Amino acid sequence: MNPLIEALSSADEAKRIYAVQDIGDTDDPEMVPVLIRQLRVEPSRVVKDAIGFQLRQMDCSSDYALLFTLFASPDAYLRNAAVEIFGAGGDNAVGFLTAHLDHSDREIRKLILDALFAVGTLEATLAIRAGLYDTAVNVKITAVEYLGRLEDRDSVPEMIELLKNDPEPMLIIAALESLPFLASESEIEKTLQTILPGGDLSLADPLYLPEILRLTARAADPDVIRQMIGDITDLKSYAQDVLVMLEEAKTRFCDFLNHEPIRNKLIQLVSDTEVNELVRHAGCELLMEKGVLDPGRLMSLGLSLLAEDSMMFAAAHFLAASGSDAAIETLRKIRADTRDDQLQEMVDEMLSQ
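These figures come from a predicted structure and were not determined experimentally.

Draft legend 1. Up close: the overall build of the protein. What the protein contains, in helices and strands, is 22 helices and 0 strands. By the compact-globule yardstick of 20 Å for 353 residues, the protein is too spread out, its C-alpha radius of gyration being 29 Å. Each principal axis of the C-alpha distribution contributes one length, and for the protein these read about 95 × 50 × 30 Å. Scored against the burial criterion, the 353 residues of the protein give a buried share of 49%. The contacts of the protein with a sequence gap of at least 6 include a subset with a gap of at least 24, amounting to 62%. With the model as given, the accessible surface of the protein reaches about 17,400 Å², and the carbon-plus-sulfur share is 49%. If you average the places of the 32 positive and of the 61 negative side-chain charges in the protein, the two averages end up 2 Å apart.

Shown next as structure tokens:
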């Protein structure tokens, strides 16, 4: 018997590791099935990791059929190892994997997509697109997610068709999450028309509203974004999503926050005591950007937030930004009344400028 193969049966874990490394150094394709079979029975995680590493370096193409049997293993480690080894095979593995996309087991079809994604080439991406037409929802969802991460813009029309024809909520969410990174403005418009009959946000399923807002902010034109924000009535429930939308839109359109209805909506968000405090503080940072609010509105908002201890720091920032004599006096009063050392220090700095 080959001494390296014999060493794989040693009770000594270190000897098995050295044997795996030595087998890898031979780069002998005939040793690939030996390592795959050892992977099936190997009790040590360290040795299994070593086997996986060596198989990813070796040409396994002649033994893809044996490797493929690991996809049916009840052991998640073996399934994931097979995905990684196929992924390391590059386009050499794509043909084999694609030939099995009609496998009867939907979980195995999903693992094939995992392996194709690990390959990551154009040929693999084209194969993943076939998953959009799979009969199993979990396979479709996986295909949509991977095509988004691979930035496969050519799959956008097919994703929009899925939105039209497939009612599965998780698939719709996956498509809406992927499309912002892929679709053009005209395709975003088609998507919104598909998901929002008549463009009416009130008709949207609340389940999809966060994704719709992100989709709109990333690619739609500013008028569409403004209309969408204006249509939001339940600000408390979607405050985080509105804030993300505003931040995205501001990145794309530098003067976006200067639109009066948008400013009012943002003021409404930061003034709502039922909105999460972290979201409110993030909204305050947007409002404090130069030129968004005039001194009078900065003063008014600062005074309104003084009633809440948790918003005191934000209130002081608004007052300082106002710069009026009344704001300065109010800051002095805050300084005199507070026992918060950090707030005192911050106000002192503001008054010294």
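Draft legend 2. Quick peek at the pattern of salt bridges. Following the criterion strictly, the structure yields 21 salt bridges and no others. Notably, a salt bridge pairs E329 with R332, separated by 2.7 Å at the nearest N-O pair. Taken together, the residues E329 and R332, both in helix α21 (residues 325-337) and 3 residues apart, mark about one turn of the helix. What emerges from the salt-bridge pattern is a single network uniting R129, D152 and D154.

Draft legend 3. Layout of the packing of helix α8 (residues 106-119) against helix α9 (residues 122-129). Direction vectors running N to C along α8 and α9 enclose 155°, while the axes themselves pass 8 Å from each other. As the angle between them shows, α8 and α9 are arranged roughly antiparallel. Between α8 and α9 the crossing geometry is left-handed. Every residue of α9 that contacts α8 at L113, L116, F117 and V119 is listed here: A124, A127 and I128. Taken together, the residues that form the contact of α8 with α9 break down as 7 nonpolar, no polar and no charged.

Draft legend 4. View of helix α12 (residues 169-178). The buried fraction of α12 amounts to 7 of the 10 residues, a majority that puts the element mostly inside the structure. Taken residue by residue, α12 has L171, I172, I173, A174, A175, L176 and S178 as its buried positions. For α12, the secondary structure elements touched by its buried residues are α10 (137-149), α11 (156-165), α13 (185-195) and α14 (209-219).

What counts, and where the lines are drawn
- Residues numbered from 1 in each chain as written.
- Predicted model: local features only at pLDDT ≥ 70, side-chain atom pairs only at ≥ 80, totals over all residues.
- Heavy atoms only, no water.
- Helix = DSSP H or I, 4+ residues; strand = E, 2+ residues; numbered from the N terminus.
- Rg over C-alpha atoms; globule rule 2.2 N^0.38 Å.
- Buried < 20%, exposed > 50% of the residue type's maximum accessible area, 1.4 Å probe, protein only.
- Contact = heavy atoms within 4.5 Å.
- Areas by Shrake-Rupley, 256 points an atom, 1.4 Å probe, with all protein chains shown as cover.
- Lys, Arg positive; Asp, Glu negative; His and termini not counted.
- Charge placed at Lys NZ, Arg CZ, Asp CG, Glu CD.
- Salt bridge = Lys/Arg side-chain N within 4 Å of Asp/Glu carboxyl O.
- Axes fitted to C-alpha atoms, helices over the stretch in contact; angles between N-to-C directions.
- Parallel < 35°, antiparallel > 145°, perpendicular 65-115°, else oblique.
- Left-handed = near helix turned anticlockwise from the far one by under 90°.
- Nonpolar A, V, L, I, M, F, W, Y, C, P; charged D, E, K, R; others polar.

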